[in-house]
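Results of the structural survey
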Amino acid sequence: AYHREAFGFARDNVEFRLGYIEHLEQLGLEDASFDVVVSNCVVNLSPDKDAVLRQVQRLLKPGGEFYFSDVYADRRVPAKLRNDPVLYGECLGGALYWNDFQHLARRADFTDPRLVEDRPIAITDPVLAALTEGIGFHSATYRLFKLERLEPDCEDYGQAVIYHGGIVGHERHFILDKHHAIEAGRVFPVCGNTWRMLRETRFRPHFEFIGDFSRHYGIFAGCGGGLPFDAGKVEAAGCCC
Ligand SMILES: C[S@@+](CC[C@H](N)C(=O)[O-])C[C@H]1O[C@@H](n2cnc3c(N)ncnc32)[C@H](O)[C@@H]1O
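Conventions we followed
- Residues numbered from 1 in each chain as written.
- Predicted model: local features only at pLDDT ≥ 70, side-chain atom pairs only at ≥ 80, totals over all residues.
- Heavy atoms only, no water.
- Buried < 20%, exposed > 50% of the residue type's maximum accessible area, 1.4 Å probe, protein only.
- Helix = DSSP H or I, 4+ residues; strand = E, 2+ residues; numbered from the N terminus.
- Arc of directions from axis to C-beta.
- Contact = heavy atoms within 4.5 Å.
- Domains from an automatic or database assignment.
- Buried area = accessible area lost by both parts, 1.4 Å probe.
- Salt bridge = Lys/Arg side-chain N within 4 Å of Asp/Glu carboxyl O.
- Polar contact = N/O pair within 3.5 Å; in protein donor to acceptor, adjacent residues only side chain to side chain.
- Nonpolar A, V, L, I, M, F, W, Y, C, P; charged D, E, K, R; others polar.

**A look at helix H5 (residues 98-107)**
Every buried residue of H5 is accounted for by Trp-98, Phe-101, Gln-102, Leu-104 and Ala-105. Along H5, the residues classed as buried sweep out an arc of 165° about the axis, all on the same side. Asp-109 sits one or two residues past H5 and shows a positive phi near 70°.

Next comes the structure, spelled out in C-alpha coordinates:
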(Lines give C-alpha, C1' and ligand atoms only; values in the text may rest on other atoms or scores of the structure.)
Protein backbone atom coordinates (compact mmCIF):
# COMPACT_ATOMS: atom_id res chain seq x y z
CA ALA A 1 0.00 0.00 0.00
CA TYR A 2 2.88 2.40 0.80
CA HIS A 3 4.44 2.00 -2.65
CA ARG A 4 1.09 2.14 -4.42
CA GLU A 5 0.49 5.56 -2.86
CA ALA A 6 4.09 6.77 -3.22
CA PHE A 7 4.18 5.93 -6.95
CA GLY A 8 0.58 6.96 -7.64
CA PHE A 9 -0.83 3.61 -8.79
CA ALA A 10 -4.59 3.13 -8.62
CA ARG A 11 -4.23 -0.51 -7.56
CA ASP A 12 -1.55 -2.87 -6.24
CA ASN A 13 0.78 -4.32 -8.85
CA VAL A 14 2.87 -6.45 -6.51
CA GLU A 15 2.41 -10.18 -6.18
CA PHE A 16 4.30 -12.49 -3.81
CA ARG A 17 5.18 -16.05 -4.80
CA LEU A 18 7.14 -18.29 -2.49
CA GLY A 19 9.81 -20.55 -3.93
CA TYR A 20 13.48 -21.34 -4.37
CA ILE A 21 15.62 -19.07 -6.49
CA GLU A 22 17.07 -22.09 -8.33
CA HIS A 23 13.56 -23.42 -9.02
CA LEU A 24 11.82 -20.43 -10.52
CA GLU A 25 10.26 -22.83 -13.04
CA GLN A 26 7.98 -24.02 -10.19
CA LEU A 27 6.35 -20.60 -9.81
CA GLY A 28 4.32 -20.54 -13.02
CA LEU A 29 6.15 -17.51 -14.41
CA GLU A 30 6.04 -16.89 -18.15
CA ASP A 31 9.19 -16.99 -20.31
CA ALA A 32 10.54 -13.59 -21.39
CA SER A 33 8.09 -11.66 -19.23
CA PHE A 34 10.34 -9.63 -16.88
CA ASP A 35 12.10 -6.32 -17.55
CA VAL A 36 14.36 -6.58 -14.51
CA VAL A 37 15.06 -9.33 -11.97
CA VAL A 38 16.65 -8.20 -8.69
CA SER A 39 18.17 -10.10 -5.80
CA ASN A 40 20.19 -9.22 -2.71
CA CYS A 41 22.40 -11.78 -1.04
CA VAL A 42 20.49 -14.92 -1.98
CA VAL A 43 22.43 -16.48 -4.88
CA ASN A 44 25.35 -17.45 -2.61
CA LEU A 45 22.89 -19.49 -0.52
CA SER A 46 21.60 -21.42 -3.50
CA PRO A 47 22.92 -24.97 -4.00
CA ASP A 48 22.55 -24.61 -7.79
CA LYS A 49 23.78 -21.23 -8.99
CA ASP A 50 23.88 -22.41 -12.59
CA ALA A 51 20.13 -23.09 -12.45
CA VAL A 52 19.51 -19.64 -10.94
CA LEU A 53 21.20 -17.93 -13.87
CA ARG A 54 19.51 -20.15 -16.47
CA GLN A 55 16.09 -19.53 -14.93
CA VAL A 56 16.63 -15.78 -14.78
CA GLN A 57 17.81 -15.84 -18.41
CA ARG A 58 14.58 -17.64 -19.36
CA LEU A 59 12.36 -15.17 -17.51
CA LEU A 60 13.92 -11.94 -18.78
CA LYS A 61 12.60 -10.15 -21.84
CA PRO A 62 15.19 -9.45 -24.55
CA GLY A 63 17.03 -6.34 -23.33
CA GLY A 64 16.07 -7.10 -19.72
CA GLU A 65 18.60 -7.42 -16.96
CA PHE A 66 19.45 -9.30 -13.78
CA TYR A 67 20.63 -6.65 -11.28
CA PHE A 68 21.86 -8.24 -8.10
CA SER A 69 24.19 -7.97 -5.14
CA ASP A 70 25.97 -10.93 -3.63
CA VAL A 71 29.14 -12.16 -1.95
CA TYR A 72 32.14 -13.38 -3.96
CA ALA A 73 35.48 -14.89 -3.01
CA ASP A 74 38.86 -14.13 -4.56
CA ARG A 75 39.48 -17.90 -4.89
CA ARG A 76 37.44 -21.10 -4.74
CA VAL A 77 36.18 -21.76 -1.21
CA PRO A 78 37.42 -25.27 -0.18
CA ALA A 79 34.72 -27.96 0.26
CA LYS A 80 35.30 -28.17 4.02
CA LEU A 81 34.41 -24.49 4.39
CA ARG A 82 31.57 -24.66 1.87
CA ASN A 83 29.95 -27.31 4.06
CA ASP A 84 30.39 -25.38 7.31
CA PRO A 85 26.85 -24.36 8.41
CA VAL A 86 28.02 -21.17 10.16
CA LEU A 87 30.02 -19.95 7.17
CA TYR A 88 27.10 -20.81 4.90
CA GLY A 89 24.69 -18.86 7.13
CA GLU A 90 27.07 -15.90 7.08
CA CYS A 91 26.86 -15.91 3.26
CA LEU A 92 30.56 -16.80 3.03
CA GLY A 93 30.67 -20.59 2.55
CA GLY A 94 28.48 -20.46 -0.56
CA ALA A 95 30.22 -17.47 -2.12
CA LEU A 96 31.35 -18.07 -5.68
CA TYR A 97 34.91 -17.46 -6.79
CA TRP A 98 34.43 -14.34 -8.92
CA ASN A 99 35.94 -15.87 -12.07
CA ASP A 100 33.78 -19.00 -11.77
CA PHE A 101 30.81 -16.64 -11.55
CA GLN A 102 31.89 -14.91 -14.77
CA HIS A 103 32.10 -18.27 -16.55
CA LEU A 104 28.74 -19.42 -15.15
CA ALA A 105 27.15 -16.17 -16.30
CA ARG A 106 28.58 -16.56 -19.80
CA ARG A 107 27.41 -20.19 -19.97
CA ALA A 108 23.91 -18.94 -19.17
CA ASP A 109 24.18 -16.52 -22.14
CA PHE A 110 24.92 -13.46 -20.03
CA THR A 111 27.92 -12.81 -22.22
CA ASP A 112 29.29 -9.61 -20.70
CA PRO A 113 28.69 -9.41 -16.92
CA ARG A 114 29.07 -5.81 -15.73
CA LEU A 115 30.32 -5.04 -12.23
CA VAL A 116 28.49 -2.00 -10.83
CA GLU A 117 30.08 -1.66 -7.39
CA ASP A 118 31.98 -3.68 -4.83
CA ARG A 119 33.61 -3.52 -1.44
CA PRO A 120 35.77 -5.93 0.52
CA ILE A 121 34.23 -7.70 3.52
CA ALA A 122 36.14 -7.93 6.81
CA ILE A 123 35.66 -11.10 8.83
CA THR A 124 35.69 -9.70 12.37
CA ASP A 125 34.71 -12.86 14.24
CA PRO A 126 38.06 -14.41 15.27
CA VAL A 127 36.87 -18.01 14.77
CA LEU A 128 35.50 -17.31 11.28
CA ALA A 129 38.56 -15.22 10.46
CA ALA A 130 40.83 -18.15 11.34
CA LEU A 131 38.69 -20.58 9.34
CA THR A 132 38.68 -18.40 6.23
CA GLU A 133 42.25 -17.14 6.52
CA GLY A 134 43.75 -16.35 3.14
CA ILE A 135 40.42 -15.97 1.35
CA GLY A 136 39.26 -12.48 0.42
CA PHE A 137 35.51 -11.91 0.33
CA HIS A 138 33.81 -9.07 -1.51
CA SER A 139 30.29 -7.80 -1.69
CA ALA A 140 29.52 -6.92 -5.30
CA THR A 141 26.65 -5.78 -7.48
CA TYR A 142 26.51 -7.07 -11.05
CA ARG A 143 24.16 -6.39 -13.89
CA LEU A 144 23.66 -9.09 -16.50
CA PHE A 145 21.89 -8.06 -19.68
CA LYS A 146 19.91 -10.48 -21.80
CA LEU A 147 21.20 -9.39 -25.20
CA GLU A 148 21.77 -11.92 -27.94
CA ARG A 149 24.57 -10.30 -29.88
CA LEU A 150 26.99 -9.32 -27.13
CA GLU A 151 30.60 -10.25 -27.86
CA PRO A 152 32.98 -12.05 -25.48
CA ASP A 153 35.17 -8.94 -25.26
CA CYS A 154 34.76 -5.20 -25.60
CA GLU A 155 35.39 -4.46 -29.27
CA ASP A 156 35.97 -1.01 -30.70
CA TYR A 157 33.79 0.10 -33.63
CA GLY A 158 34.49 3.81 -33.13
CA GLN A 159 31.08 4.32 -31.56
CA ALA A 160 29.97 6.85 -28.97
CA VAL A 161 26.84 7.87 -27.09
CA ILE A 162 25.48 11.10 -25.65
CA TYR A 163 23.38 10.86 -22.50
CA HIS A 164 20.47 13.30 -22.54
CA GLY A 165 19.57 12.86 -18.88
CA GLY A 166 16.07 12.07 -17.70
CA ILE A 167 16.74 8.95 -15.62
CA VAL A 168 15.68 9.65 -12.04
CA GLY A 169 18.68 9.51 -9.70
CA HIS A 170 21.07 9.80 -12.68
CA GLU A 171 20.45 13.42 -13.68
CA ARG A 172 24.11 14.45 -14.18
CA HIS A 173 25.74 11.07 -14.83
CA PHE A 174 24.34 7.75 -15.88
CA ILE A 175 26.19 5.00 -14.04
CA LEU A 176 26.04 1.90 -16.21
CA ASP A 177 28.74 0.11 -14.26
CA LYS A 178 31.97 0.68 -12.38
CA HIS A 179 33.77 1.81 -15.55
CA HIS A 180 31.01 3.84 -17.17
CA ALA A 181 29.85 7.06 -15.50
CA ILE A 182 28.41 8.75 -18.57
CA GLU A 183 28.19 12.51 -18.14
CA ALA A 184 25.03 14.13 -19.49
CA GLY A 185 25.50 16.09 -22.72
CA ARG A 186 29.02 14.82 -23.44
CA VAL A 187 30.17 12.57 -26.29
CA PHE A 188 31.25 9.33 -24.59
CA PRO A 189 33.15 6.67 -26.59
CA VAL A 190 31.84 3.13 -26.02
CA CYS A 191 32.59 -0.43 -27.13
CA GLY A 192 30.08 -2.40 -29.17
CA ASN A 193 28.71 -4.22 -26.11
CA THR A 194 28.11 -1.03 -24.13
CA TRP A 195 26.43 0.48 -27.18
CA ARG A 196 24.01 -2.46 -27.25
CA MET A 197 23.42 -2.30 -23.47
CA LEU A 198 22.23 1.26 -23.95
CA ARG A 199 20.53 0.99 -27.34
CA GLU A 200 18.71 -2.34 -27.06
CA THR A 201 17.38 -1.86 -23.52
CA ARG A 202 15.06 0.45 -21.61
CA PHE A 203 17.83 3.10 -21.57
CA ARG A 204 17.54 3.81 -25.30
CA PRO A 205 15.20 6.86 -25.13
CA HIS A 206 17.74 8.69 -22.96
CA PHE A 207 20.67 8.42 -25.37
CA GLU A 208 21.82 9.58 -28.76
CA PHE A 209 23.90 7.01 -30.64
CA ILE A 210 26.86 7.89 -32.85
CA GLY A 211 28.34 5.39 -35.33
CA ASP A 212 27.50 1.78 -36.21
CA PHE A 213 29.16 -1.64 -36.49
CA SER A 214 30.42 -1.25 -40.05
CA ARG A 215 34.10 -0.85 -39.18
CA HIS A 216 36.13 -2.60 -36.48
CA TYR A 217 39.12 -0.86 -34.84
CA GLY A 218 40.35 -3.73 -32.62
CA ILE A 219 39.90 -4.36 -28.91
CA PHE A 220 38.41 -1.47 -26.92
CA ALA A 221 41.29 0.09 -24.96
CA GLY A 222 41.12 -0.20 -21.18
CA CYS A 223 39.12 -3.43 -20.87
CA GLY A 224 41.53 -5.33 -18.65
CA GLY A 225 41.52 -8.65 -16.80
CA GLY A 226 42.52 -9.61 -13.25
CA LEU A 227 40.66 -9.31 -9.93
CA PRO A 228 37.79 -6.92 -10.66
CA PHE A 229 37.21 -5.84 -7.06
CA ASP A 230 38.90 -2.94 -5.22
CA ALA A 231 41.00 -3.55 -2.11
CA GLY A 232 39.46 -0.34 -0.65
CA LYS A 233 38.07 0.08 2.82
CA VAL A 234 37.25 -3.24 4.46
CA GLU A 235 33.80 -3.46 6.02
CA ALA A 236 32.55 -5.90 8.62
CA ALA A 237 30.94 -9.14 7.44
CA GLY A 238 27.18 -9.36 7.47
CA CYS A 239 24.67 -11.29 5.53
CA CYS A 240 23.31 -8.27 3.69
CA CYS A 241 25.24 -7.08 0.68
C1 LIG B 1 20.84 -12.75 3.48
S2 LIG B 1 19.12 -12.92 3.37
C3 LIG B 1 18.73 -11.65 2.23
C4 LIG B 1 17.31 -11.28 2.33
C5 LIG B 1 16.87 -10.10 1.46
N6 LIG B 1 17.10 -10.37 0.06
C7 LIG B 1 17.53 -8.83 1.91
O8 LIG B 1 18.24 -8.22 1.13
O9 LIG B 1 17.33 -8.41 3.03
C10 LIG B 1 18.98 -14.41 2.47
C11 LIG B 1 17.56 -14.88 2.26
O12 LIG B 1 17.57 -15.88 1.24
C13 LIG B 1 16.68 -16.93 1.59
N14 LIG B 1 17.14 -18.13 0.87
C15 LIG B 1 18.11 -19.00 1.21
N16 LIG B 1 18.26 -19.95 0.27
C17 LIG B 1 17.34 -19.66 -0.70
C18 LIG B 1 16.99 -20.27 -1.94
N19 LIG B 1 17.63 -21.37 -2.39
N20 LIG B 1 16.01 -19.71 -2.67
C21 LIG B 1 15.37 -18.61 -2.24
N22 LIG B 1 15.66 -17.98 -1.08
C23 LIG B 1 16.63 -18.51 -0.32
C24 LIG B 1 16.78 -17.00 3.09
O25 LIG B 1 15.64 -17.59 3.63
C26 LIG B 1 16.91 -15.52 3.47
O27 LIG B 1 15.64 -14.97 3.62
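The discussion continues.
**Focus on helix H2 (residues 49-59)**
Counted residue by residue, H2 has 8 buried out of 11 residues, so it is predominantly covered. Turning to H2, its buried residues are Lys-49, Ala-51, Val-52, Leu-53, Gln-55, Val-56, Gln-57 and Leu-59. Buried residues along H2 sit in contact with strand E1 (34-40), strand E2 (60-73), strand E3 (96-97), H5 and strand E5 (137-145).

**A look at the environment of Leu-227**
Relative to the elements of secondary structure, Leu-227 occurs in the loop between strand E10 (207-210) and strand E11 (235-236). With residues up to four places along the chain from it excluded, the contact list for Leu-227 reads Asp-74 and Trp-98.

**Looking at the domain arrangement of the protein**
Segmentation of the protein into domains returns domain 1 (2-148) and domain 2 (159-210). One C-alpha centre belongs to domain 1, the other to domain 2; they are set 25 Å apart. On the side of domain 2, 14 residues touch domain 1, which itself brings 11 residues to the contact. For the domain 1 and domain 2 pair, buried surface summed over both sides reaches about 1,100 Å², with 54% attributable to carbon and sulfur atoms. Of all residues in domain 1, Arg-114, Arg-143 and Leu-147 bury the most surface against domain 2, accounting for 44% of the area lost on that side. Applying the counting criterion to the domain 1 and domain 2 interface returns 3 salt bridges. Inspection of the region where domain 1 meets domain 2 yields 7 residue pairs in polar contact (both at pLDDT 80 or more). Tallying contributions element by element places strand E4 (residues 114-122) first for the side of domain 1 that touches domain 2, with 4 residues. Class assignment for the residues of the side of domain 1 that touches domain 2 results in 5 nonpolar, 1 polar and 5 charged.

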